Amino acid sequence: MKKVPIIFFFLIFVSCKLNSENENLLENKKEGEKIMNIFFNNIVSNNFKENKKFLSKSFLDYPGTKQFEKDQNLIKIKLGNITNINLLYSETTISTKINSFPEYIYEYNIEREKKNSIETYFLIKENDSLKIKDYKIEYLNE
């Protein structure tokens with residue numbers, strides 16, 4: 001009868017360990033920021049093709065690299081070249097749940113020649129490297 005509470009405690013402990021999350025660890029934040037800095041440097045230097053290695057498999061399937069390059073060129077035409085980049089917000093969540101992916105969110109205030117924008121990038125870990133899963137760009141009316 002005494003084994004039942006011990007087994008019960010063990011099962012709860014293991015269950016909690018399998019479902020734990022680590023949020024906003026500095027090393028995870030820096031890993032994502034490094035990727036995003038290279039990503040933005042490629043945009044500034046019109047080297048869109050180099051950014052393909054930072055796009056996730058799901059992103060490459062839809063909308064695809066050709067659409068991504070087209071979008072980046074259109075953004076550059078409408079908003080102008082990037083003049084300054086400021087990180088507004090970042091969040092990392094590393095979950096140990098079964099079938100879960102680490103998630104990284106970075107939101108930037110992008111100053112441009114014509115119009116500024118708020119750009120949010122959603123990253124995931126894919127084959128031990130960070131990849132952009134999705135992004136959202138909001139133009140600011142000034």
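So, how was this worked out
Residues numbered from 1 in each chain as written. Predicted model: local features only at pLDDT ≥ 70, side-chain atom pairs only at ≥ 80, totals over all residues. Heavy atoms only, no water. Pairing = 2+ DSSP bridges. Helix = DSSP H or I, 4+ residues; strand = E, 2+ residues; numbered from the N terminus. Expected span 1.5 Å × (residues − 1). Buried < 20%, exposed > 50% of the residue type's maximum accessible area, 1.4 Å probe, protein only. Arc of directions from axis to C-beta. pLDDT = per-residue confidence, 0-100. Contact = heavy atoms within 4.5 Å. Salt bridge = Lys/Arg side-chain N within 4 Å of Asp/Glu carboxyl O.

I would appreciate a short explanation of the pairing of strand S3 (residues 103-112) in the present structure.
Looking down a regular strand, the side chains alternate between one sheet face and the other. The pairing of S3 with strand S4 (residues 117-126) spans eight bridges and is antiparallel. Residue asparagine 109 lies in a different strand from S4, and its bridge partner there is isoleucine 118.

It is not clear to me how helix H4 (residues 65-79) should be interpreted in this structure. Could you clarify?
In an α-helix, one turn spans 3.6 residues; hence positions three or four apart end up facing the same way. Given a rise of 1.5 Å per residue, 15 residues ought to cover 21 Å, and the 21 Å separating the end C-alpha atoms of H4 matches this to within 8%. When H4 is considered as a whole, its buried residues turn out to be Phe68, Gln72, Ile75, Lys76 and Leu79. Down the axis of H4, the buried side of the element spans an arc of 100 degrees, and every buried residue falls inside it. When the buried face of H4 is taken as reference, the exposed residues oriented beyond 90 degrees from it are Lys66, Lys70, Ile77 and Lys78. Downstream of H4 by a residue or two, glycine 80 has a phi angle that is positive, lying close to 95 degrees.

It is not clear to me how the confidence of the model for the protein should be interpreted in this structure. Could you clarify?
The predicted structure's coordinates, where accompanied by low pLDDT, should not be read in detail. Confidence in the prediction of the protein, expressed as mean pLDDT, is 81, and 75% of residues score 70 or more. Ranking the elements of the protein by mean pLDDT puts helix H1 (residues 3-18) last, at 48, and S3 first, at 94. For residues 8-20, every residue scores under 50 in pLDDT, and the model assigns this stretch ten contacts once sequence neighbours within four places are set aside.

Would you explain the side chain of lysine 76 in this entry?
Mapping lysine 76 onto the fold places it in helix H4. In contact with lysine 76, not counting residues within four places along its chain, are Ile43, Val44, Asn46 and Asn81.

Explain the environment of asparagine 37 to me, please; I cannot follow it from the model alone.
Mapped onto the elements of the fold, asparagine 37 is located in helix H2 (residues 26-44). For asparagine 37, a relative accessible area of 45% corresponds to the partly exposed category. Separated by 48 residues in sequence, asparagine 37 and isoleucine 85 have C-alpha atoms that sit 9.3 Å apart.

Any chance you could explain unusual backbone geometry here in plain terms?
Generally, phi is negative for residues other than glycine and the peptide bonds are trans, each holding for most cases. Phi angles above zero are rare outside glycine, and asparagine 127 is one such case at about 50 degrees. With respect to the secondary-structure elements, asparagine 127 resides in the loop between S4 and strand S5 (129-139).

Any chance you could explain the pattern of salt bridges here in plain terms?
Opposite charge on two side chains permits them to pair, given that their charged atoms come into close proximity. Under the defined criterion, the tally for this structure stands at six salt bridges. Note that lysine 53 is salt-bridged to glutamate 50, the shortest N-O span being 3.2 Å. According to the relative accessible area criterion, lysine 53 is partly exposed, its value standing at 48%. Classification of glutamate 50 as partly exposed rests on a relative accessible area of 36%. A salt bridge links lysine 57 to aspartate 61, with the shortest nitrogen-to-oxygen separation between them at 3.3 Å.

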